[in-house]
Amino acid sequence: MTWNEMQPLLSQACWDTLYMVGWSTLIAVAGGLPLGILLVLTDRGGLLQNVVAQKVIGQVVNIARSMPFIILMVALMGFTRWITGTTIGREAAIVPLAIGAVPFFARLVETAVREVDGGLVEAVQAMGGNTWTIVRKVLVPESLPSLIASTTTTVVALIGYSAMAGTVGAGGLGDIAIRYGYQRFETQLMWITVAILAVVISLIQFAGDYAVRSLHRRDGRSGPAPRLRLLKADAAAGETA
């Protein structure tokens, strides 16, 4: 197969992969962020302590996260067909990709939020801040570098999942590698696909690491004390209003 023959295949496959991963990441963040925060809030000593709810949510997350993606994809075929009307193609692949990524990202969020300094939480509580204020003003901003690192990890994992989804006709680079590289013995195309995946993953990891370092440098210039003063100023402004 010549380069002129490979180029349109690879271009479409790259777009399909980015499309699947992009939408899956958005859904994973939208679902996993509140779920991970809820796991922290409902834990023992949390702001919304509810041990039963925490254990139930935790078990559901553990079961969903531990299921191999290929099995999850097959198990969700009926649900995928109900949502998208089909079980093949990039739109159909988004359903199992997103469902598999939500619990994965939720656990990463939980770990990130647990690292937040409890003193900041207590300070906001002492100023009369409610749970929503603490989540919005303390937990999410203070854990933002870790959340970005978690998102980067999730995106990289989703790229691997999307390549696996190509084995069942989901499209993307994994589909090209299997259908052409493996089944039709186009070894050169398969290695080009592997190289593209490696470059994409490296770029995403670099962007994520750069964002995390930038936030750390910014936070390094403003420690807990300035943040507390800012929170107090917000509280005073709210009382004045």
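One can find the structure itself at the top, above this paragraph.
*Asks:* Mind showing me how you'd approach the overall build of the protein chain here?
*Replies:* Check the secondary structure of the protein chain and you find 11 helices and 0 strands. Its helices and strands taken in sequence order, the protein chain reads α-α-α-α-α-α-α-α-α-α-α from the N to the C terminus. Across the 241 residues that make up the protein chain, the buried fraction comes to 34%. When contacts within the protein chain are restricted to residue pairs at least 6 apart in sequence, long-range pairs at least 24 apart make up 72% of them.

*Asks:* Just to check I follow, could you spell out the pattern of salt bridges for this structure?
*Replies:* Tallied over the full model, the rule gives 5 salt bridges. In this structure, E91 and R90 form a salt bridge, with 3.3 Å as the shortest nitrogen-oxygen distance. A relative accessible area of 38% places E91 in the partly exposed class. Among the residues examined, R90 registers a relative accessible area of 21% and is labelled partly exposed. Among the ionic pairs, E110 bridges to R114, the shortest N-O distance being 2.8 Å. Linking E110 with R114, this pair stays in helix 5 (residues 90-114), spanning 4 residues, or about one helical turn.

*Asks:* I would appreciate a short explanation of the packing of aromatic side chains in the present structure.
*Replies:* We describe a pair of aromatic rings using the distance from one ring centre to the other and the angle between the two ring planes. For the structure shown, the criterion picks out 4 aromatic pairs. The interplanar angle of 50 degrees and the centroid separation of 6.1 Å between the aromatic rings of W15 and Y19 together place this pair among those described as tilted. Of this pair, W15 and Y19 both sit in helix 1 (residues 3-41), 4 residues apart, which is roughly one turn of that helix. Here F79 and W82 contribute two aromatic rings whose centre-to-centre distance is 5.9 Å and whose plane-to-plane angle is 40 degrees, an arrangement assigned as tilted.

*Asks:* In this structure, what is going on with the packing of helix 7 (residues 131-142) against helix 8 (residues 144-165)? I would like to understand it.
*Replies:* The description of two helices packed together rests on the angle between their axes and the distance between the axes. Contact geometry for helix 7 and helix 8: axes closest at 5 Å, N-to-C directions at 55 degrees. In terms of orientation, helix 7 and helix 8 fall into the oblique class. For the pair helix 7 and helix 8, the contacting residues are V140, P141 and E142 in the first and L144, P145 and L147 in the second. The class makeup of the residues in the contact of helix 7 with helix 8 is 5 nonpolar, no polar and 1 charged.

*Asks:* Teacher, can you tell me more about helix 5 here?
*Replies:* Turn by turn, an α-helix covers 3.6 residues, leaving residues three or four places apart pointing in a common direction. In this model, helix 5 (25 residues) spans 35 Å end to end at C-alpha, consistent with the 36 Å of a helix rising 1.5 Å per residue. Maximal helix bending in helix 5 amounts to about 25 degrees, located at V102; proline P103 follows within four positions. With 18 of 25 residues buried, helix 5 lies mostly within the body of the structure.

*Asks:* Where do I start with helix 6 (residues 118-126) in this structure?
*Replies:* Along helix 6, the residues that are buried comprise L120, V121, A123 and V124. In a view along the axis of helix 6, the buried residues occupy a sector of 160 degrees, so they form one face of it. Residues E122 and A126 are exposed on helix 6 and point more than 90 degrees away from its buried face. For helix 6, the N-terminal capping position is held by D117, with its side-chain oxygen 3.0 Å away from the main-chain nitrogen of G119. Remark: G128 follows helix 6 within two positions and exhibits a positive phi of approximately 90 degrees.

Parameters and conventions
- Each chain has its residues counted from 1, following the order in which its sequence is written.
- pLDDT decides what is reported in this predicted model: residues at 70 or higher carry local features, side-chain atom pairs at 80 or more are listed and counted, and totals for whole chains, interfaces and linings draw on all residues regardless.
- Hydrogens and water are ignored here; the side-chain numbers use all heavy atoms of the structure.
- Strands here mean DSSP runs of E at least two residues long; helices mean DSSP runs of H or I at least four residues long; both are numbered from the N terminus.
- The buried label goes to any residue with under 20% of its type's maximum accessible area, the exposed label to any with over 50%, and the partly exposed label to all in between, with areas taken from a 1.4 Å probe on protein chains only.
- The contact definition used throughout considers only heavy atoms, calling two residues in contact when any of these lie within 4.5 Å.
- In what follows, salt bridge is the name for a side-chain nitrogen of Lys or Arg lying within 4 Å of a carboxyl oxygen of Asp or Glu.
- Aromatic rings from Phe, Tyr and Trp, with only the six-membered ring used for Trp, were paired whenever their centres fell within 6.5 Å, and each pair was classed as stacked if the ring planes differed by under 30 degrees, edge-to-face if by over 60, and tilted otherwise.
- Note on geometry: axes are lines fitted to C-alpha atoms, helical ones only across the stretch in contact, with angles between N-to-C directions running from 0 to 180 degrees.
- When describing relative orientation, an angle under 35 degrees is termed roughly parallel and one over 145 degrees roughly antiparallel, while 65 to 115 degrees is termed roughly perpendicular and anything else oblique.
- Ten residues, namely Ala, Val, Leu, Ile, Met, Phe, Trp, Tyr, Cys and Pro, are considered nonpolar, four, namely Asp, Glu, Lys and Arg, are considered charged, and the remaining ones, Gly among them, are considered polar.
- The span one expects for a helix is its residue count, reduced by one, times 1.5 Å.
- The angle separating two fitted axes, one through the seven residues that finish at a residue and one through the seven that start at it, defines the bend at that residue.
- The arc refers to the directions leading from the helix axis to the C-beta atoms.
- Two N or O atoms form a polar contact when they lie within 3.5 Å of each other; inside protein one atom must be a possible hydrogen donor and the other a possible acceptor, and for residues adjacent in sequence the pair counts only when both atoms belong to side chains.

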